[in-house]
There are 2 protein chains.
Amino acid sequence: MSSVREIIKRIKPLDPSAGPRAQEHLDDLTKPRGSLGRLEELARRLAEIYGSAELEQPLAYVAVFAADHGVTQSGVSPYPAEVTPQMVLNFLNGGAGINVLARQAWAEVRVVDVGVDYDFEELPGLISAKVARGTANLAQAPAMSLEQAEQAIAVGAGVAEKLIGEGAQLLIPGDMGIGNTTSCAALTALLCARPVAEVTGRGAGLDDEGLAQKVAIIEKAIALHRPDPGDPLRALAALGGLEIAAICGFVLEAAAQGKPVLLDGFISTCGALVAAKLCPEVTGYLLAGHCSVEIGHRAQLEALGLRPILDLDLRLGEGSGAALALNVLRAAVYIYNEMATFASAGVSGREE
Amino acid sequence: MSSVREIIKRIKPLDPSAGPRAQEHLDDLTKPRGSLGRLEELARRLAEIYGSAELEQPLAYVAVFAADHGVTQSGVSPYPAEVTPQMVLNFLNGGAGINVLARQAWAEVRVVDVGVDYDFEELPGLISAKVARGTANLAQAPAMSLEQAEQAIAVGAGVAEKLIGEGAQLLIPGDMGIGNTTSCAALTALLCARPVAEVTGRGAGLDDEGLAQKVAIIEKAIALHRPDPGDPLRALAALGGLEIAAICGFVLEAAAQGKPVLLDGFISTCGALVAAKLCPEVTGYLLAGHCSVEIGHRAQLEALGLRPILDLDLRLGEGSGAALALNVLRAAVYIYNEMATFASAGVSGREE
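Please read all numbers here as calculations on a predicted model, not as lab measurements. (Residues numbered from 1 in each chain as written. Chains lettered and ligands numbered in written order. Predicted model: local features only at pLDDT ≥ 70, side-chain atom pairs only at ≥ 80, totals over all residues. Heavy atoms only, no water.)

K.L.:
Looking at this model, I keep getting lost on the packing of helix α3 (residues 37–50) of chain A against helix α14 (residues 320–338) of chain A. Mind explaining?
P.N.:
Between two packed helices, what matters for the description is the angle formed by their axes and the separation of those axes. All names here are of chain A. Two elements in contact, α3 and α14, have axes separated by 8 Å at closest approach and are oriented at 85 degrees. By the angle class used here, α3 and α14 are roughly perpendicular. Across the interface between the two elements, L39, L42, A43 and L46 of α3 pack against V328, L329, A331, A332, V333, I335 and Y336 of α14. In terms of residue class, the contact of α3 with α14 is made up of 11 nonpolar, no polar and no charged. (Axes fitted to C-alpha atoms, helices over the stretch in contact; angles between N-to-C directions. Helix = DSSP H or I, 4+ residues; strand = E, 2+ residues; numbered from the N terminus. Parallel < 35°, antiparallel > 145°, perpendicular 65-115°, else oblique. Contact = heavy atoms within 4.5 Å. Nonpolar A, V, L, I, M, F, W, Y, C, P; charged D, E, K, R; others polar.)

K.L.:
Teacher, can you tell me more about the domain arrangement of chain A here?
P.N.:
Residues and elements named next belong to chain A. With domains assigned, chain A is organised as domain 1 (4–55 + 336–345) and domain 2 (60–328). Between domain 1 and domain 2, the C-alpha centre-to-centre distance is 29 Å. Every contact between the two is made by 16 residues of domain 1 and, on the other side, 25 residues of domain 2. Carbon and sulfur atoms supply 69% of the area buried between domain 1 and domain 2, which totals about 1700 Å² over both sides. Here domain 1 and domain 2 share 1 salt bridge between them. Between E253 and R10 there is a salt bridge, with the nearest N and O atoms lying 2.6 Å from each other. Between the two partners, domain 1 and domain 2, sit 7 residue pairs in polar contact (both at pLDDT 80 or more). (Domains from an automatic or database assignment. Buried area = accessible area lost by both parts, 1.4 Å probe. Salt bridge = Lys/Arg side-chain N within 4 Å of Asp/Glu carboxyl O. Polar contact = N/O pair within 3.5 Å; in protein donor to acceptor, adjacent residues only side chain to side chain.)

K.L.:
Would you mind going over the nonpolar core with me for this structure?
P.N.:
Soluble globular proteins tend to bury their nonpolar side chains together. L39, L262 and L326 of chain A together with L39, L262 and L326 of chain B are the most contacted members of the largest nonpolar core, which has 118 residues in total. Aside from chain neighbours lying at most four places away, what touches L262 of chain A is L170, L171, I172, P173, L287, A288, G289, I309, A322, A325, L326 and L329 of chain A. Core analysis: the next-biggest nonpolar cluster, separate from the first, contains 83 residues, F65, I164, L263 and A288 of chain B among them. (Core = buried A, V, L, I, M, F, W, Y, C linked by side-chain atoms within 4.5 Å. Buried < 20%, exposed > 50% of the residue type's maximum accessible area, 1.4 Å probe, protein only.)

K.L.:
Is there a simple way to think about α14 of chain A in this case?
P.N.:
Helical geometry: 3.6 residues make up each α-helical turn, so side chains three or four residues apart lie on a common side. Its 19 residues place the ends of α14 of chain A 27 Å apart at the C-alpha level, agreeing with the 27 Å of an ideal helix rising 1.5 Å per residue. Taking burial as the measure, the 19 residues of α14 of chain A include 16 buried ones, the bulk of the element. (Expected span 1.5 Å × (residues − 1).)

K.L.:
Which parts of the structure should I look at to understand the interface of chain A and chain B?
P.N.:
Where interface size is quoted, it is often the accessible area lost as the parts come together. Counting from both sides, the interface comprises 55 residues of chain A and, opposite them, 55 residues of chain B. Taking both sides of the interface into account, the surface hidden between chain A and chain B amounts to around 4600 Å²; carbon and sulfur atoms contribute 58%. Of all residues in chain A, Y79, L312 and R350 of chain A give up the largest surface area on contact with chain B, accounting jointly for 12% of the area buried on that side. Our count for the chain A to chain B interface comes out at 4 salt bridges. Measuring nitrogen to oxygen at the nearest pair gives 3.0 Å for the salt bridge that ties D313 of chain B to R307 of chain A. Where chain A touches chain B, the interface holds 24 residue pairs in polar contact (both at pLDDT 80 or more). Of all the secondary-structure elements, those providing two or more residues to the side of chain A that touches chain B are α3, α4 (83–92), α5 (97–104), α14 and α15 (342–345) of chain A. Looking at which element gives the most residues to the side of chain A that touches chain B, the answer is α14 of chain A, with 9 residues. Split into classes, the residues belonging to the side of chain A that touches chain B amount to 27 nonpolar, 15 polar and 13 charged.

K.L.:
How do you make sense of the environment of H225 of chain A when you look at a structure like this?
P.N.:
Residue and element names in this part refer to chain A. Position of H225 relative to the elements: it lies in helix α9 (residues 208–225). For the pair H225 and L239, spaced 14 residues apart in sequence, the C-alpha separation works out to 8.3 Å. Setting aside chain neighbours within four positions, we find H225 in contact with L138, A141, P142, A238 and L239.

K.L.:
Help me understand the state of the cysteines, please; the structure alone is not making it clear to me.
P.N.:
Two cysteines form a disulfide when their sulfur atoms are joined by a covalent bond. Residue and element names in this part refer to chain A. Enumeration over the complete set of coordinates arrives at 0 disulfides over all chains. For C291, which is in no disulfide, the shortest distance to another cysteine sulfur is to C192 and amounts to 13 Å. Residue C291 is classed as buried on the basis of its relative accessible area of 2%. (Disulfide = S-S within 2.5 Å.)

K.L.:
Looking at this model, I keep getting lost on the relation of the copies chain A and chain B. Mind explaining?
P.N.:
Two copies of a chain can be linked by a rotation about an axis combined with a shift along that same axis. The two copies are related by a screw motion: chain A maps onto chain B through a turn of 180 degrees and a shift of 0.0 Å along the axis, at an RMSD of 0.0 Å. Within this description, the copies of the chain are treated as partners about a two-fold rotation axis. Both copies present the same face, since 100% of the interface residues in chain A are matched by interface residues at the equivalent positions in chain B. (Least-squares fit on C-alpha atoms with pLDDT ≥ 70 in both.)

K.L.:
Is there a simple way to explain the side chain of H290 of chain B in this structure?
P.N.:
Residues and elements named next belong to chain B. Locating H290 in the fold gives a position in the loop between β6 (286–288) and α13 (296–304). At 3.3 Å, the side chain of H290 and the side chain of D264 are in polar contact. Apart from the residues lying within four places of it in its own chain, the contact partners of H290 are L263, D264, G265, H297, L301, P308, I309, L310, L314, G321 and A322.

K.L.:
Would you mind showing me how to read the pattern of salt bridges here?
P.N.:
Pairing between side chains of opposite charge can happen when the charged atoms of each approach one another. On inspection of all chains with the given rule, the structure shows 36 salt bridges over all chains. A network of salt bridges, in which partner residues are shared, links E108, R110, K162 and E166 of chain A.

K.L.:
Sorry if this is basic, but what is going on with the pairing of strand β4 (residues 170–176) of chain B here?
P.N.:
Regular strands place side chains that alternate from one sheet face to the opposite one. All names here are of chain B. Across the 7 residues that make up β4, a large majority, 7, are buried. By the alternation rule, side chains of β4 split into L170, I172, G174 and M176 and L171, P173 and D175, which are all buried. As paired strands, strand β1 (residues 60–67) and β4 are joined by 7 bridges and run parallel to one another. For Y61, the partnering residue across the bridge sits in β4 and is L171. (Pairing = 2+ DSSP bridges.)

Take a look at the structure:
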């Protein structure tokens, strides 16, 4: 397992020459220049990431990182913690939202137990890499030790390495963990320097009272641990979750191997935010699938300078919004490869 | 061919009972209630349109209505009018943007010559229903006679009828016609009661000077014809285009047969706007695929009370944005039919 530092050393900036070459091709296609807007932008960006003006439909994998959160003991979710392992089984049986949306977009789904408080048997599609049976309750103690956080990052990086080894050309980090919006709101407040109340949402459906309690718990936790925003690893350990750390590692390794990462919502982007704090070059490899209802997501996207592809009032997580956005990314590649050129179709160009 | 009045008589309001029944099913699926946002909204809307809480993947057809515009003589487009027939051939050869995006979303494409200034041979996929070889120049004379407008509406209605007869369960109106944003800006200004400059855009790519000229031409045309916004048929004849009239008829017949219409951009929505002015119940059957860069589109969507599914800076027309949005609509149906329920997956529900 590589250390964070070793992964970061391998992350290179994008190839700036591939974008204009891709745009030249896009301008030859039978449409007014630029008229396919963000589809053209996405095609250019993929060219820059792959370092090539030849694009193909990427083989895409969703890795759903699952873990439990000690903070659920403080009552931050309307759903019981047992839902985390139940949903893992639902993912493996193909019945969850992410399974449905991944099938539509021709993406493979893998589930990673990086910290679920339950002993699974060996199951097809499940990657067992439990670092701990959930985090400690961040309201009372650091969620993880620094070592645990680093181990979870290595798990995520290892999963990216394995999937890229299987042929993955595009990676989607998904999440499952009852209580994880509490961790992510805490990290987002800290790393984006925003008041807690501005980045804390209702998660799976808290009422006003529950939301106020969640904000108070996060504020107390930050006051208790006094994490340094300039030390993202320690902040991750104090406030984060095992799946968030794993997503951070997954994003770092994908970037190190020059693969695009299509982000989902609040949890997925939180892991990417930590990764970008560790290594700002990561952001070149990131695409924002959608903008979540969870209010802190917008602050994360702004901090990363990402414009979401979709805005459909989603707040499910699991990678679902990213899988949906994969259809748009695929559309960009189909357009790039399948449209006729002005010359080949005998269509007159613009009168200059 | 049915008259406009006969079609309108067959348009019924939606089934309000099917929406809540669909939502009950959505609430049983393994996700926090409402967490799939607009996917749930789209599933509910389809249930209301089809009058059934049982949904299936709709067989979808794009009809690209092509016609020429006399106003191109006044220099309102950077592309020559000959591009209209050239693009018709491109559609039939499968090389245009709409072909690529329709293939991805499993939609069939048909091309309708309702008024192209060119004699096509018989070609597979081409529906020949030419009403005239383009419109008159609306800067100097009414674009169409009232009879021509009614004929073109009947063509569109006939195409909807034919496609529904072939099994179409969802209809997408597309357009091709160099000069058609000029017609649509004129109609939009009139029917949405907006200043011309607020709803007139750059079309296929006018520069500032060209845009100012386009606005002036439209303002003069409105002053010349003095169309009554309360008489949408005569306004359509004076300022419209043959493909816009056909789209209006296509939308009316789809609504009359209880089928959803997934709208594309400025031209497609202009046809729907005229249809809704003729029969407000039509709006229940309309879904807005995307929000176009063409600035008048937003005014149309507001007038129709529609919230677009996508916002991707597109301005190609042809039905392309709607075909792209069809992936999202299909996602809503997949979710509806393929996700596990809390009971079937053994997942604990919310703690109330």
